[in-house]
Structures are given as C-alpha cells and as structure tokens.
There are 2 protein chains.
Amino acid sequence: MARGKIQIKRIENQTTGQVTYSKRRNGLFKKAHELTVLCDARVSIIMFSSSNKLHEFISPNTTTKEILDLYQTVSDVDVWNAHYERMQETKRKLLETNRNLRTQIKQRLGECLDEFDIQELCSLEEEMENTFKLVRERKFKSLGNQIETTKKKTRASKTYKKNLIHELELRAEDPHYGLVDNGGDYDSVLGYQLRFHQNHHHHYPNHALHEASASDIITFHLLE
Amino acid sequence: MARGKIQIKRIENQTTGQVTYSKRRNGLFKKAHELTVLCDARVSIIMFSSSNKLHEFISPNTTTKEILDLYQTVSDVDVWNAHYERMQETKRKLLETNRNLRTQIKQRLGECLDEFDIQELCSLEEEMENTFKLVRERKFKSLGNQIETTKKKTRASKTYKKNLIHELELRAEDPHYGLVDNGGDYDSVLGYQLRFHQNHHHHYPNHALHEASASDIITFHLLE
DNA sequence: ATAACTATTTATAAGCG
DNA sequence: TCGCTTATAAATAGTTA
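These numbers come from a predicted model, not from an experiment. (Residues numbered from 1 in each chain as written. Chains lettered and ligands numbered in written order. Predicted model: local features only at pLDDT ≥ 70, side-chain atom pairs only at ≥ 80, totals over all residues. Heavy atoms only, no water.)

1. A closer look at the overall build of chain A
Moving on, step 1. When you go through chain A residue by residue, the secondary structure sums to 7 helices and 2 strands.
Moving on, step 2. What you see in chain A, going N to C, is helices and strands ordered as α-β-β-α-α-α-α-α-α.
Moving on, step 3. Residues counted as buried form 29% of the 224 residues belonging to chain A.
Moving on, step 4. Across chain A, the fraction of contacts at a sequence separation of at least 24, relative to all contacts at a separation of at least 6, is 30%.
Moving on, step 5. Taken as a whole, chain A presents about 14,900 Å² of accessible surface, with 52% of it coming from carbon and sulfur. (Helix = DSSP H or I, 4+ residues; strand = E, 2+ residues; numbered from the N terminus. Buried < 20%, exposed > 50% of the residue type's maximum accessible area, 1.4 Å probe, protein only. Contact = heavy atoms within 4.5 Å. Areas by Shrake-Rupley, 256 points an atom, 1.4 Å probe, with all protein chains shown as cover.)

Set out below in structure tokens:
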C-alpha cells in the first residue's frame, strides 16, 4: 500500500478518477454538513463530474432555490436575467404571432377589409370562393355518405320484412304452424317486430315499406 | 490543549464559531479545488454564514452562472421564482391559443375539414358564402371608387382642354393677341402649352388650370 | 481577523473481497 | 460498482502571539 504524498494533479486513469471523485465528493459533502451544523450556516454545493453528472448538496432546513434566490439578491451576478429576458422575448413574439393570426381570421370573416387594395381583395375573393367550394364539396360528400348509409339500412330492413312476410305466408298455408302455439300469436309477434319501425301500428298492408325514403328511415331512427 | 473528539454540534460560543467557520470554510474550498483539479469536475459552492454573510467558491475555468444554468437545465428542482412559473404558464397558454387560431385559419382555407360534422360544415359554408359576398361587395365598391376618381380626373381634364381651346379661339379673333408673337397656329401653341405643363412652367393664362397639378396632367395624357 | 503550533481526529489512496 | 481495511496525509480545535 504505497501511500506517498498525494499529488494534486489531474488523475489520468479513468477508473481511479471515478473512485476518487466519488470518495472526495462524499468527503466534501460531509464537511459541508458539519459546517452547517457547527456554525449554523447554509451551504449549497452544485457540481458536475467530468462526464457532466450532476451532484448537489444542500444544508438541511433550506432549499437550493432559497439559496440561489438569496445569492441572486446579494451578489452582483444577475443569474436568471438572461433566461428571464429570453422568455420575455418569446412571449412578445408569441403575442405578435397571435395578433397576426387573429387579423387573418377577421379578414376571412369579412372584417377589417379596409386595409386591402384591389389586388388583395381579388385574391382574397378567389381564396374564399375556392374554400367555399371545398366546404360545399365536403358537405355534399358527407351528405352522400349519410344517404348511402341509410339506403343500406333501408335495404336491410326491406329484406328483413320480406322474409318475415314470407314466413307468415308459410305458416298460414301450413296448419301445423298455427297449432303449435295458440293462434293469436301471429299478431303479437308481428306487432312486436313492427313496433320497432313505427310506434302505433300493429299491421302493415303489403309492401307498405318498399318505397320508404331516406327521410322516412331517419324518422324511424328518431322514433326508435 | 484539550483536543478531544470533535462533536458535530452547534458551537454556542460566537467567537469560536466564527473561527471554526472561517477555518472550515477554507478547508471546504480547498477540498473543492482539489476535486476540481484531480477529477476535472466543476464545483460551485454558495454559502451563507449564520450572520448571512455570503461566501462562494467556483472552479477555475467556469462561472457560477454557467453552473447554475446547467443546473437548471438538468435538475428537476424548480429554482426559479413565481414570476418564472407565471411566465411559463403564460407561454403555454399563448402557444395553445396559437394552435387553435392556426386550426381555425386552416379550416377557413378548406383544410382539416374531416373533423367537421354536417352541421358544422353547413354553418362554415354559410359563413364562407357571407364573407365571400362581403369581399366581393368591398371589391366592387373599391373598383367603383376608383372609377369615380378617374372620371373626375377625366372631367377636369376635359374642362381644362375646353377652356384652353376657348382661349385660343379668343386669341384668334383678337388680332392683338396674334401680333404679339409671331402668328403660330393653334396646333403648335396647343402643343407648346401641354409640354409646358409637364415641365412645370411658370405662368398660366387661365384660372381654370390652377387646380390641376403636374401629375394630374400626366394622368390625363395617359387616360386620353 | 490571521498565523503558527501541535495533539488529535479525519480523510482518503490503495488494496482486498 | 461497492464496502472494508489500513497506513499515511490532511484537517482542525485549541492555544499562543
């Protein structure tokens, strides 16, 4: 165990350096803590290793923020000023952008048009026209989709109804059907099914639903 | 020389405390400096004595500000004051508003319409139509104004021309006029007079011209 | 406050598990 | 990366000047 006089000189060996850093850091923090207790002082140590790892010590009963605020007050160094100013600048720019955006919106709502010259008015007019067309297209497309959907539903209910009627005809032809359960059953079954479609009817004359339009179906949905 | 085991406990004696504080502070700073050199680290120590005296250590080749900037970036600790927090909040809100405004603009340019349902599309369509009309109205009005202005200018020029010709006729009728200078014909005099206005000449033989400026005359020529 | 001295305590480099 | 050990370097309380 060679323990000659310690040279205060950069430790080249990485591993040894790491170990020494760790040990001496602890030693430093311990000393700081002792100082805190012995002399009722407040100490903040902030350190970065050569690999930029952060380590800090702060005296008990205080916070780093407190110390730094105090430091800022006492020392000449304006620690946060640069950041503060940068934020002010950011805020200013954001507000400016915001104003511009609002103006643009107003112009697209037909306000504040006085500042525009003819050419600008023309291009705005053109833009509005284009957008108007786009919106209308989109609207029609959306409506088309909706109609398509309702048509499908209509078809589905038509098929369902046809099957139902077909089945009823079969039962009517075959007496066995009627005898299985009591005979009043037809109406009640049919009535139950059809109430889905319209509130008050129990019977439909033949094919009554075949030509149902989209709006009818919408009504049907609302009633349901 | 009583040198028993050092108790890590607050030193009540003021003088002793001061001395210890001074000695240990130096020891701490020395350690910090050694750490800096040995391990290539950057250390910032900020401390306040019980009497609120500030002492600080900073590694060579760096500044306290640098360390604190880095600290703020790396640490989660909220070292800034309430003002900073308020500014952060303001910034956040501004950015949010900004986003919303941009979305609105995009929608009014016909983009991002997928999120809209039929009703929204309808009201947007209506809005676009209204604005479109407004813009067109404004355009026509602006065009109207422009036409009106040019008409006025044209009228003024015509009056001017009429007066000029009238005067020339008078001169032609009255021999005294013609004999003053050599008898130039109407055309050449007229040509001279018109050139004379473009070149900013001095005397006007007729009051009718007093209201016309050089630029007006140039415009008149362009319009004719 | 600061410096020097000195008996002690403390810190820690290097080695080991 | 730790924790432990140990010989030695360094720090420091108390004192004096």
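2. Section: unusual backbone geometry
Moving on, step 1. Positive phi is not limited to glycine here, since Cys112 of chain A has a value of about 55°.
Moving on, step 2. Note that Cys112 of chain A resides in the loop between α3 (81-108) and α4 (118-173).
Moving on, step 3. Here the phi dihedral of Asn61 of chain B falls at roughly 65°; this positive angle occurs in a residue that is not glycine.
Moving on, step 4. Overall, the relative accessible area of 83% leaves Asn61 of chain B in the exposed class.

3. Some thoughts on the pairing of strand β2 (residues 54-58) of chain A
Residues and elements named next belong to chain A.
Moving on, step 1. With 5 bridges connecting them, strand β1 (residues 42-48) and β2 associate as antiparallel partners. Each residue of the ladder has a partner; that of Met47, found in β2, is His55.
Moving on, step 2. Linking β1 back to β2 in an antiparallel pair, the connection comprises 5 residues, with Asn52 at a positive phi of about 65°. (Pairing = 2+ DSSP bridges.)

4. Thoughts on the interface of chain B and chain A
Moving on, step 1. At the junction of the two partners, chain B supplies 85 residues and chain A supplies 83 residues.
Moving on, step 2. Between chain B and chain A, the buried area comes to about 8,200 Å², and carbon and sulfur atoms account for 72% of it.
Moving on, step 3. The interface formed by chain B and chain A holds 10 salt bridges in total.
Moving on, step 4. Across the pair Glu125 of chain A and Lys139 of chain B runs a salt bridge, and its minimum N-O distance is 2.7 Å.
Moving on, step 5. Applying the counting rule to chain B against chain A returns 20 residue pairs in polar contact (both at pLDDT 80 or more).
Moving on, step 6. Elements with a minimum of two residues in the side of chain B that touches chain A: α1 (14-39), β1 (42-48), β2 (54-58), α2 (64-74), α3 (82-108) and α4 (118-173) of chain B.
Moving on, step 7. In terms of residue count, the dominant contributor to the side of chain B that touches chain A is α4 of chain B (18 residues). (Buried area = accessible area lost by both parts, 1.4 Å probe. Salt bridge = Lys/Arg side-chain N within 4 Å of Asp/Glu carboxyl O. Polar contact = N/O pair within 3.5 Å; in protein donor to acceptor, adjacent residues only side chain to side chain.)

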